[in-house]
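These are the residues of each chain, in order.
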Amino acid sequence: MRARLSTNMHAANANERRMRLNESQDLVRNLAREFTDDIIRPMAEELDQSERFPDDLYTQMGELGLFGISVPENLGGPGLDVLTYTLVMEELSRGYASVADQCGLVELITTLLVRHGTHDQQNRWLAGIMAARIRVAYCITESEAGSDVSGIRTTAVRSGDGWILNGDKIWIHNAPVADLGFVLARTDPEAGHRGMSIFIVDLGSRGVERGPREHKMGQRASPVGALHFKDVVLPSDSLLGDENHGFHMMMSVLEKGRAGIAALAVGIAQAGLQAALDYAGERKQFRQRIVDFQGLQWMLADMAKEISAARLLVREAATRIDQGENATMMCSMAKCFATDMAVKCTADAVQIFGGSGYIRGFEVERLYRDAKITQIYEGTNQIQRTIIARELIKHGACT
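Owing to the predicted nature of the structure, the values given are computational and were not obtained by experimental measurement.

Draft legend 1. Representation of the packing of aromatic side chains in the model. Using the criterion set out here, one finds 6 aromatic pairs in the structure. Their ring planes at 15° and their centres at 4.1 Å tell us that Y279 and F353 sit as a pair that is stacked. In this pair, Y279 sits in helix 8 (residues 254-282) while F353 sits in helix 10 (residues 328-353), placing the two residues 74 residues apart along the sequence. The residues Y279 and F353 share a single accessibility class, namely buried. Members of the aromatic cluster, connected to one another through ring pairs, are F53, Y58 and F67.

Here you go:
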């Protein structure tokens, strides 16, 4: 018993240490926080209403080094860890989730290039993507392939030294504005998910057509649309990594992606809590501030504790990735819990605002709309629960 208690206390102390931020992480978080407060938050309402893609804002972020956070220094990046990436995602999302979403997209694309790109591909694309000179799109989803990625029908067939690409992608982030698409296509029709490859596609190429921009419920400054590929000729160096390994390559970055979306959700919820707290301290009913009513105090308390719990889950997931541990279950837990929490907390923020919270132009109304998609993209929360259960069955309940 004593040995077990000693072991458990050692694990608890280790977990406590890994929750503390080092000096570098603090500096980057503070940089992102200052940028959010000074630049992003004042723009958020206009961006939501206009659905404008903020090139100027992303150029500034590129100059600050907020894109491609984990790209190694020898490849021109900041060389920071996944935990730092999640800190940046939370701060940016506290300003406007669409901006954080762009940061997350760039992080996934640059991770693919760092892990699987040739030196030529890295030298050609990384610097421009991190500087926001090259806009990118992550092209997986199709009408028959959402949660089930193995159902994609887009094909790439060999033609001489290159390839011919045909197919259709939907709901693609940045599709209306992107310069470069990282497209998952089937290269061996008989091999299932083991017959897919990733191609780097110039979206200005002949045979590429863009569908109309979709008008979304939330995160409206993140443009989404369809991409159609008809007999698009691809050179041999458009293949990223090994042929027929594309499915596993795409899946390999999803843990980082889920940790990032979880952090984004925490940022949305944090903004909702702050807005609700500020409003409750000013609004008076029955000759007193509504924050003095116990029922409302309990709502605020529940929001605060759930945000804190989600933040700790995100940091644990990111730390496990950084330390090379199995992070699959923890990333799914963080993504599922944080995004469900964000929807609940922003709904409570709207409730605290009352009728005002239902009116366009109030921050909490936008936050509520922005939160909903986090339960859907980067793997629905039903899929996350399936992954968690699978990992429990496979490895047991030990943490």
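Draft legend 2. Quick peek at the packing of helix 4 (residues 82-95) against helix 9 (residues 294-322). Interaxial distance between helix 4 and helix 9 falls to 8 Å at its minimum, and their mutual angle equals 150°. The angle between helix 4 and helix 9 falls in the class roughly antiparallel. Contacts between helix 4 and helix 9 pair V82, L83, T86, L87 and E90 from the former with R311, V314, R315, A318, T319, I321 and D322 from the latter. Taken together, the residues of the contact of helix 4 with helix 9 sort by class into 6 nonpolar, 2 polar and 4 charged.

Draft legend 3. A look at the environment of Y279. According to the relative accessible area criterion, Y279 is buried, its value standing at 16%. Residues Y279 and A349, spaced 70 residues apart in sequence, show a C-alpha to C-alpha distance of 9.5 Å. Discounting residues that sit within four places of it in the chain, Y279 has contacts with I290, I352, F353 and S356.

Draft legend 4. Spotlight on the packing of helix 2 (residues 23-50) against helix 3 (residues 55-64). Contact geometry for helix 2 and helix 3: axes closest at 12 Å, N-to-C directions at 175°. The angle between the axes of helix 2 and helix 3 places the two elements in the roughly antiparallel class. Seen from helix 2, the contacting residues are L31, F35, I39, I40 and M43; seen from helix 3, they are L57, Q60, M61 and L64. Class assignment for the residues of the contact of helix 2 with helix 3 results in 8 nonpolar, 1 polar and no charged.

Draft legend 5. Broad picture of the pairing of strand 5 (residues 196-202). Across the 7 residues that make up strand 5, a large majority, 6, are buried. In terms of strand pairing, strand 4 (residues 180-186) meets strand 5 through 7 bridges, oriented antiparallel. Each bridged residue has a counterpart across the sheet, and for G181 the counterpart in strand 5 is V201. Strand direction decides the pairing type here: strand 5 and strand 8 (residues 239-240), joined by 2 bridges, are antiparallel. Within the sheet, the bridge partner assigned to I198 lies in strand 8 and is L240.

Draft legend 6. Molecular detail of the side chain of E391. Of note, E391 is situated in helix 12 (residues 381-395). Among all residues touching E391, those that are not within four sequence positions of it are N326, T328, M329 and G396.

Draft legend 7. Focus on the environment of S222. Checked against the element boundaries, S222 lands in the loop between strand 6 (208-210) and strand 7 (224-234). Measuring from C-alpha to C-alpha, the distance between S222 and N174 comes to 6.7 Å, with 48 residues separating the pair along the chain. Beyond its immediate stretch of four places on either side in the chain, S222 contacts S98, D101, H173 and K216. Among the polar contacts made by the side chain of S222, one reaches the side chain of S98 at a distance of 3.2 Å.

Draft legend 8. Layout of unusual backbone geometry. Of note, W171 is a non-glycine position whose phi angle comes to about 55°, a positive value. When you line up the elements, W171 lands in strand 3 (residues 162-173). Overall, the relative accessible area of 54% leaves W171 in the exposed class. A positive phi angle, close to 80°, is found at N174, a residue other than glycine.

Draft legend 9. Here's a closer look at helix 6 (residues 119-130). Here helix 6 contains 12 residues, and its C-alpha end-to-end distance of 16 Å stays within 8% of the 16 Å for a straight helix at 1.5 Å per residue. Listed as buried for helix 6 are Q121, Q122, W125, L126, G128, I129 and M130. Where the residues of helix 6 are buried, they touch helix 3, helix 5 (97-116), strand 1 (136-139), strand 4, strand 5 and strand 8. Looking at the residues trailing helix 6, positive phi occurs at A132, about 65°.

Draft legend 10. Representation of the pattern of salt bridges within the structure. Here the structure, examined in full by the defined rule, presents 28 salt bridges. Residues E391 and K394 are paired through a salt bridge, measuring 3.7 Å at the closest nitrogen-oxygen approach. Taken together, the residues span about one helical turn, with E391 and K394 both in helix 12 at a distance of 3 residues.

Draft legend 11. Fine view of the nonpolar core. The biggest cluster of nonpolar side chains holds 102 residues, and the ones touching the most others in it are M61, V136, Y138 and F182. The element best represented in this core is helix 8, accounting for 15 residues. Here M61 is in contact with F35, L66, F67, L92, V99 and C103, once residues within four sequence places are set aside. Core analysis: the second largest hydrophobic core is formed by 19 residues, W163, L165, L227 and L234 among them.

Draft legend 12. Seen up close, a nonpolar patch on the surface. A contiguous nonpolar patch, built from Y358, I359 and F362 and spanning about 350 Å² of accessible area, is present on the exposed surface. Structurally, I359 is set in the loop between helix 10 and helix 11 (363-372). Its relative accessible area of 44% is what places I359 among the partly exposed residues.

The rules behind these values
Residues numbered from 1 in each chain as written. Predicted model: local features only at pLDDT ≥ 70, side-chain atom pairs only at ≥ 80, totals over all residues. Heavy atoms only, no water. Phe/Tyr/Trp six-rings, centres within 6.5 Å; stacked < 30°, edge-to-face > 60°. Helix = DSSP H or I, 4+ residues; strand = E, 2+ residues; numbered from the N terminus. Buried < 20%, exposed > 50% of the residue type's maximum accessible area, 1.4 Å probe, protein only. Axes fitted to C-alpha atoms, helices over the stretch in contact; angles between N-to-C directions. Parallel < 35°, antiparallel > 145°, perpendicular 65-115°, else oblique. Contact = heavy atoms within 4.5 Å. Nonpolar A, V, L, I, M, F, W, Y, C, P; charged D, E, K, R; others polar. Pairing = 2+ DSSP bridges. Polar contact = N/O pair within 3.5 Å; in protein donor to acceptor, adjacent residues only side chain to side chain. Expected span 1.5 Å × (residues − 1). Salt bridge = Lys/Arg side-chain N within 4 Å of Asp/Glu carboxyl O. Core = buried A, V, L, I, M, F, W, Y, C linked by side-chain atoms within 4.5 Å. Patch = residues over 30% accessible without salt bridge, like charges linked within 9 Å, V, L, I, M, F, W, Y side chains within 5 Å. Areas by Shrake-Rupley, 256 points an atom, 1.4 Å probe, with all protein chains shown as cover.

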